[in-house]
Amino acid sequence: MSIEVRNLTKTFGSFVALRDVSFTVHSGELVALLGPSGSGKTTLLRVIAGLETPDVGSVFFDGDEATRRDPRDRGVGFVFQHYALFRHMTVFENVAFGLRVRPRDQRPSQDDISRRVHELLGLVQLDYLGDRYPSQLSGGQRQRVALARALAVEPRVLLLDEPFGALDARVRQELRRWLRRLHQEIHLTSVFVTHDQEEALELANRVVVMNDGKIEQDAPPGEVIEKPATPFVSNFLGDVNLFHGRVQVEMHDKNGTPTPMELDGERAEAVRVIVGDRVYVRPRSNEVRSNN
Amino acid sequence: MLTEPAAIRVLLTGTCLGFVALFLVLPLTVVFVEAFRNGIGPYFESVREPDAIAALELTLIAAAFAVPANLVFGVAAGWAIAKFRFPGRTLLTTLIDLPFAVSPVISGMVFVLLFGRQGVLGPWVAEQDLRIVFAIPGIVLATIFVSFPFVAREVIPVMEAAGTQEEEAARVLGASGWQTFFRVTLPNIKWGVLYGAILCNARAMGEFGAVSVVSGKIRGETNTLPLHVEILYNEYMFQAAFAVASLLTLLAVVTLVVKTILERRLHGGSA
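Conventions used here
- Residues numbered from 1 in each chain as written.
- Chains lettered and ligands numbered in written order.
- Predicted model: local features only at pLDDT ≥ 70, side-chain atom pairs only at ≥ 80, totals over all residues.
- Helix = DSSP H or I, 4+ residues; strand = E, 2+ residues; numbered from the N terminus.
- Rg over C-alpha atoms; globule rule 2.2 N^0.38 Å.
- Buried ≥ 20, exposed ≤ 12 C-beta atoms within 10 Å, placed from the backbone.
- Contact = placed C-beta atoms within 7 Å.
- Domains from an automatic or database assignment.
- Nonpolar A, V, L, I, M, F, W, Y, C, P; charged D, E, K, R; others polar.
- Pairing = 2+ DSSP bridges.
- Axes fitted to C-alpha atoms, helices over the stretch in contact; angles between N-to-C directions.
- pLDDT = per-residue confidence, 0-100.

Draft legend 1. Representation of the overall build of chain A. Each helix and strand in chain A was counted, giving eight helices and 14 strands. Taking 2.2 N^0.38 as the reference for a compact globule, 292 residues should give roughly 19 Å; the C-alpha atoms of chain A span a radius of gyration of 21 Å, in line with that estimate. Once the C-alpha set of chain A is aligned to its principal axes, its extents read approximately 65 × 50 × 40 Å. Within the span of chain A, comprising 292 residues, buried residues form 37% of the whole. Looking at chain A alone, contacts between residues at least 24 apart form 63% of all its contacts between residues at least 6 apart.

So this is what it looks like as structure tokens:
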């Protein structure tokens, strides 16, 4: 499903959270809302989910006006920053919740619910924890339960608020890769909020950089790094290490025509380049090792 | 680690135990000793006497109205105060405590001034052929009023601690308002609600001041247990007075036991 927001403004008392924000998420995209805290990115996500009503402006789902639509009728899956799992329910019941509260005529049978929940818990690799309560899980496990719960209702959009914010670095890496794979498998239109530029640049097809309630730049990750649209963007992304280069080795097939070659990295997706192409490497401080 | 000298420890514990003995254990013992002064037979006679039974019934009726009414009100007020920001929220929080702040006698007077023959709504009440003051409705109203803060007081902190995220999650997952309340909100606050209901019940059954003003003390009709005890005592029927008082004491003991069990669930329970 595509999402379009047009001229959104939202204030809380004297605090302006969103100032005339417009942007579009195309169907199947994975978009990051990136910005410092207080930049309005979470408010924007909550307006899309229907948890906040904008003062001015509209939200469209697949071209249909949905600004005042009740959150329960929007078909969105929402993963909260602190997961918001139902603490008095087991993991199984948490995931089943969205199916159990459907109107009687649309509610799946007990067996179907059970099958679906186990399928989802399998997808997040937690099937063996169905009987536990949220308080008995680690942060990463709670995060994955929250994801399974959001996916259970077969949402047309997945919204994630700082999905990896409260996790330690190693778990974060793992979940990031996992989310990326998930998105490649099911192509669910997804928007996630983050203040971590690496997360945004690594995961998203498109990065929307926000500051002070406004969109500073809306572009693919490469462009955000290479051509920051405003001083804020270049400042905010300033501590990214970037090494530019140009492909020098020429590869030919047997007929002597130049052929592309594959550049590969541990984390990066393989890219095909040809002699003369500009490339850049962005090593991360926490992954640089010495050979000695 | 305790570092106080033994003498101070003994002094503190001794003072505390002495105080408890003097002000709690001794009076309670006196109630039962006096109640059984003339033996078991007269005890049951005074308890089974029609006026005593009527008083017990009226006390239970008043509590049966006050507890559900204040449950609904308390949870609703807690929900509004803990989950929403609206103008007048602080005022509402303060107003909830009003029955604690004013003297019960004044609480009773309010209803007499409102619904009594000379009261503001007196003529209207008379027109409807209703009796509120010096009748059961007045007693129920006064009881509701004085026991009104208990549930709300217990529920508000529990709800505030729980926050609103789980409710938002439920809404996004497709739950209606009622489903959200019954499946998410209520299970999270149930021990707080029960605890508040127990306290509310204790106050409703024991209330003297406010009820005494609106009751008119018509024997067998508008007497609650506490009022009945007072009347018997004033008529020098000490044994009967203490026998009826022992009923109230037993109700209080049951309440305390239930409360202790609930407290354990509330603070020690994992779910």
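What follows picks up the thread again.
Draft legend 2. The domain arrangement of chain B, seen in detail. Residue and element names in this part refer to chain B. Here the domain parsing of chain B yields domain 1 (1-35) and domain 2 (39-267). Residue-level contacts link five residues of domain 1 with eight residues of domain 2. Its residues placed into classes, the side of domain 1 that touches domain 2 shows four nonpolar, no polar and one charged.

Draft legend 3. Local environment of the interface of chain B and chain A. Taken together, the 14 residues of chain B in the interface contact 17 residues of chain A. Of all the elements, helix α10 (residues 165-172) of chain B adds the most residues to the side of chain B that touches chain A, at six residues. Split by residue class, the side of chain B that touches chain A holds seven nonpolar, four polar and three charged.

Draft legend 4. Molecular detail of the pairing of strand β1 (residues 3-12) of chain A. All names here are of chain A. Both β1 and strand β2 (residues 15-25) contribute to a ladder of seven bridges, which runs antiparallel. By the bridge assignment for β2, Leu8 is matched with Val21. Across five bridges, the pairing between β1 and strand β4 (residues 56-61) is antiparallel. What sits directly across from Ile3, in β4, is Phe61.

Draft legend 5. Layout of the sheet that holds strand β8 (residues 189-194) of chain A. All names here are of chain A. The six strands lie next to each other as β6-β7-β8-β3-β9-β10, forming an open sheet whose pairing is mixed. Each of the sheet's edge strands pairs with one partner strand only, and the pair in question is β6 (76-79) and β10 (214-219). For this sheet the average axis-to-axis angle between neighbouring strands, irrespective of direction, equals 15 degrees.

Draft legend 6. Spotlight on the pairing of strand β9 (residues 206-211) of chain A. Residues and elements named next belong to chain A. Here β9 lies mainly inside the structure; six of its six residues are buried. Going residue by residue along β9, you find Arg206, Val208 and Met210 tucked away on one face and Val207, Val209 and Asn211 tucked away on the opposite face as well. Pairing geometry for strand β3 (residues 30-34) and β9, over four bridges, is parallel. Looking at β9, one finds that Ala32 is bridged to Val207. Two elements, β9 and β10, share five bridges in a ladder whose sense is antiparallel. Among the inter-strand pairings, Val207 is bridged to a residue of β10, identified as Ala219. The loop that links β9 with its antiparallel partner β10 comprises two residues; one of these, Asp212, has a positive phi angle of about 50 degrees.

Draft legend 7. Quick peek at the confidence of the model for chain A. Looking at chain A as a whole, the pLDDT averages 85, with 91% of positions reaching at least 70. Model confidence for chain A, summarised as mean pLDDT per element, is weakest for strand β14 (residues 278-281) of chain A at 71 and strongest for helix α2 (residues 91-100) of chain A at 94.

Draft legend 8. Inspection of the sheet that holds β1 of chain A at higher detail. All names here are of chain A. Taken in spatial order, the four strands of this open sheet run β2-β1-β4-β5, and their pairing is antiparallel. At either end of the open sheet lies a strand with only one pairing partner, and these are β2 and β5 (64-65). Sheet topology places β4 next to β5; two bridges connect them, and they run antiparallel. Paired with Phe60 across the strands is Glu65, a residue of β5.

Draft legend 9. Representation of helix α1 (residues 41-49) of chain A within the structure. Among the nine residues in α1 of chain A, nine count as buried, and that is most of the element. Those residues of α1 of chain A that fall on the buried side of the exposure criterion are Lys41, Thr42, Thr43, Leu44, Leu45, Arg46, Val47, Ile48 and Ala49 of chain A.

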